[in-house]
Amino acid sequence: MSAKKILLIIVGLFAALLLMLVSAVMLGRLLLKSDDSDFPRGQGIGLVEIKGMIVDPSEPVRQLRYFLKKDNVKAVVLRVDSPGGVVGPSQEIYQEVKRLAAKKKVVVSMGSLAASGGYYVAAPATVIYANPGTITASIGVLIKFSNIEGLLGKVGIKSATIKTGTFKDAGSPDRPLSAEDRAMFQAVIDSTHEQFVRAVAEGRKLPVEEVRQLADGRILSGEQAKAVKLVDRLGNLQDAVEEAGRLAGISGEPEILLPPKKKVNYLDLLVEGAEQRFDGVLNKALGRGLQVTYE
C-alpha cells in the first residue's frame, strides 16, 4: 500500500473520530439542557406542585429557581399536597421558597393534605391558603425502628456485629435500643424539631413560644389552622391564583405559567444503569436505612 493511501486512511479515520466527538457533544447538550424556548413571554403566575412524600427535592428546587430568574413571572403559586417527608429535602425546598418569597410573592395553596414537612415547605410563603378541611400542621419529628430479634431467635438465626464505636449499630433491628441509644436519638430529633419550630415562627412571623405550644405533632383542619395563624385564608387553588395575581399587580385573570419539563438524562441512564437508578428511588421511598422525617 502506497504512502499516499495510508495518509488518506489516517486522515479519514481522524475526520470520522472528530465527527463522532462533535456529534456526541451536541447530543449531550441536547439531552442535558432544559429547553425553555416555548416558555410564554407574557406576564403570568408560575405554578409549582409538591405532591406525595418529600424525598427528592431536586425537581421542586429546579422549578422554584427557574421562576425566580424569569422576569415575566410576577408571582408563584405553590400547590402542596403532601404528608411530609425526610428532614433534609424538606429543608432544601423551604430555603428555596424563602429565597423566592424575598424577591416575588409566593402564595401557597394547600390541597387535601399539607402536614409536617408539607407544612414546613409552605411556612415562608407570602400568603397561605387552605381548604376548610385540609389536614395540616403536624409539626413534629420522628424516627421509626423495628426490632426483629425475637423473630430471628424463633427461626434459629443469630447475628453478630463488629463495630468501631458505641453508637455505630444503634437502631439495628437485631437488638433492643439501649438507654444511651434512646438518649442519642432523642437529642437528634429534639434538635431537628427545634429547627422546625424556629422555621415556622420565622416564616409565619409568630412568637417561638406560641408555635412551640402547637408543635406537639397534632394535626389541624384548615379552619383550625387559620384560627391559630398557621394559615392566612380559606380557599381553593383558584383563590390562591387570583390572590397571586392581585399581589403581583396583574389586572384581570392571570395566566398560569408552568415550568418547562426537565428532559430525561439518557446519558445518566446509560452510565448508571436503569435498574440502579430506579432501585435508588425505591430505597428512598421505602425508607431503607436511617431517616429522620417530618411526618
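For the structure, check the block above.
Predicted model, so just to flag it, every value in this text is computed and none were measured.

Chemist: It is not clear to me how the overall build of the protein chain should be interpreted in this structure. Could you clarify?
Modeler: The secondary structure content of the protein chain amounts to 11 helices and 10 strands. Burial statistics for the protein chain: of 295 residues in total, 38% are counted as buried. Carbon and sulfur atoms form 58% of the exposed surface of the protein chain, whose accessible area is close to 17,200 Å².

Chemist: Where do I start with the packing of helix 3 (residues 87–101) against helix 6 (residues 179–204) in this structure?
Modeler: For any two helices packed against each other, the geometry comes down to the angle between their axes and how far apart the axes lie. One way to put it is that helix 3 packs onto helix 6 with a least axis distance of 12 Å and a crossing angle of 20 degrees. When the interaxial angle is binned, helix 3 and helix 6 end up roughly parallel. As for how helix 3 packs across helix 6, the hand of that crossing is left-handed. Counted together, Val-87, Gln-91, Tyr-94 and Lys-98 of helix 3 and Thr-192, Gln-195, Ala-199 and Glu-202 of helix 6 form the full contact between these two elements. Residue composition of the contact of helix 3 with helix 6, by class: 3 nonpolar, 3 polar and 2 charged.

Chemist: Would you mind going over the pairing of strand 1 (residues 44–51) with me for this structure?
Modeler: Within a regular beta strand, the side chains point alternately toward one face of the sheet and then the other, so they alternate between its two faces. Burial analysis of strand 1 places 6 of its 8 residues in the buried class, which makes it a mostly covered element. Pairing analysis gives 8 bridges linking strand 1 to strand 2 (residues 73–82), with the strands arranged parallel. By the bridge assignment for strand 2, Val-48 is matched with Leu-78. Between the parallel elements strand 1 and strand 2, the chain passes through helix 2 (residues 58–69) in a crossover that is right-handed.

Chemist: I would appreciate a short explanation of the nonpolar core in the present structure.
Modeler: Across soluble globular proteins, nonpolar side chains show a tendency to be buried alongside one another. Among the nonpolar cores identified, the biggest contains 43 residues, and Leu-78, Ile-93, Val-108, Met-110, Ile-128, Val-200 and Leu-230 are the most heavily contacted of them. Apart from the residues within four sequence positions on either side, Leu-230 is in contact with Tyr-119, Ile-128, Ala-137, Ile-139, Val-200, Arg-204, Leu-206, Leu-214, Leu-220 and Ala-225. Ile-45, Ala-240, Val-241 and Ile-250 belong to the second-largest nonpolar core, a separate cluster that totals 11 residues.

Chemist: Is there a simple way to think about helix 3 in this case?
Modeler: Three or four residues apart is the spacing at which side chains of an α-helix point the same way, because the helix has 3.6 residues per turn. With 15 residues, helix 3 should reach 21 Å at 1.5 Å per residue; the first-to-last C-alpha distance of 21 Å fits that figure. Of all the residues in helix 3, the buried ones are Val-87, Pro-89, Ser-90, Ile-93, Tyr-94, Glu-96, Val-97 and Leu-100.

Chemist: In this structure, what is going on with the packing of aromatic side chains? I would like to understand it.
Modeler: For any two aromatic rings, the description comes down to two numbers: the centre-to-centre distance and the angle of the planes. This structure, assessed with the given rule, holds 4 aromatic pairs. Between the aromatic rings of Tyr-66 and Phe-67, the centroid separation amounts to 5.9 Å while the plane-to-plane angle is 65 degrees, which identifies the pairing as edge-to-face. For the residue pair Tyr-66 and Phe-67, the accessibility class agrees, reading buried in each case. Judged by centre distance (4.6 Å) and plane angle (50 degrees), the rings of Phe-145 and Phe-185 are tilted. In this pair, Phe-145 sits in the loop between strand 6 (135–137) and helix 5 (149–154) while Phe-185 sits in helix 6, placing the two residues 40 residues apart along the sequence. On the accessibility criterion, Phe-145 (32% relative accessible area) is partly exposed. For Phe-185, a relative accessible area of 8% translates into the label buried. Three or more aromatic residues joined by ring pairs form one cluster here, namely Tyr-94, Tyr-120 and Phe-196.

Chemist: When you look at the packing of helix 2 against helix 3 in this model, what are you seeing that I'm missing?
Modeler: Viewed as axis vectors pointing N to C, helix 2 and helix 3 meet at an angle of 10 degrees, and their least axial separation amounts to 9 Å. As the angle between them shows, helix 2 and helix 3 are arranged roughly parallel. Contact with helix 2, carried on its side by Pro-60, Val-61, Leu-64, Arg-65 and Leu-68, involves Glu-92, Ile-93, Glu-96, Val-97, Arg-99 and Leu-100 of helix 3 and no other residues of that element. Taken together, the residues of the contact of helix 2 with helix 3 sort by class into 7 nonpolar, no polar and 4 charged.

Rules used throughout
Each chain has its residues counted from 1, following the order in which its sequence is written. For a predicted model such as this one, the threshold for reporting local features is a pLDDT of at least 70, and the threshold for listing and counting side-chain atom pairs is 80 or more; totals across whole chains, interfaces and linings nevertheless cover every residue. Water and hydrogen atoms play no part in the side-chain values, which are based on all heavy atoms of the structure. Secondary structure elements follow DSSP: runs of H or I of four or more residues count as helices, runs of E of two or more count as strands, with numbering from the N terminus. A simple rule labels every residue: compare its accessible area, found with a 1.4 Å probe on the protein chains alone, to the largest value its type can have, and call it buried under 20%, exposed over 50%, or partly exposed in between. Per-residue and other accessible areas follow the Shrake-Rupley method at a 1.4 Å probe size, with only the shown protein chains counted as cover for residues. Each axis is a line fitted through C-alpha atoms, and for a helix only the stretch in contact is used; angles between axes span 0 to 180 degrees, taken between their N-to-C directions. Between 65 and 115 degrees an angle is taken as roughly perpendicular, under 35 as roughly parallel, over 145 as roughly antiparallel, and anywhere else as oblique. Crossing chirality is assigned from the near helix's rotation relative to the far helix, an anticlockwise turn below a right angle marking it left-handed and a clockwise turn marking it right-handed. Any pair of residues with heavy atoms lying within 4.5 Å of one another is described as a contacting pair. Residues are grouped as follows: Ala, Val, Leu, Ile, Met, Phe, Trp, Tyr, Cys and Pro are nonpolar; Asp, Glu, Lys and Arg are charged; all remaining types, including Gly, are polar. Strand pairing requires that DSSP identify at least two bridges connecting the strands. By convention, a crossover is right-handed whenever its connection, traced from the first strand over the helix to the second and viewed with the strands pointing away, goes clockwise. As used in this record, nonpolar core signifies buried Ala, Val, Leu, Ile, Met, Phe, Trp, Tyr and Cys residues forming a set joined through side-chain atoms within 4.5 Å. An expected span of 1.5 Å times one less than the residue number is assigned to each helix. Two rings belonging to Phe, Tyr or Trp (six-membered ring only in the last case) form a pair when the distance between their centres is within 6.5 Å. Interplanar angles under 30 degrees mark stacking, angles over 60 mark edge-to-face geometry, and anything in between is tilted.

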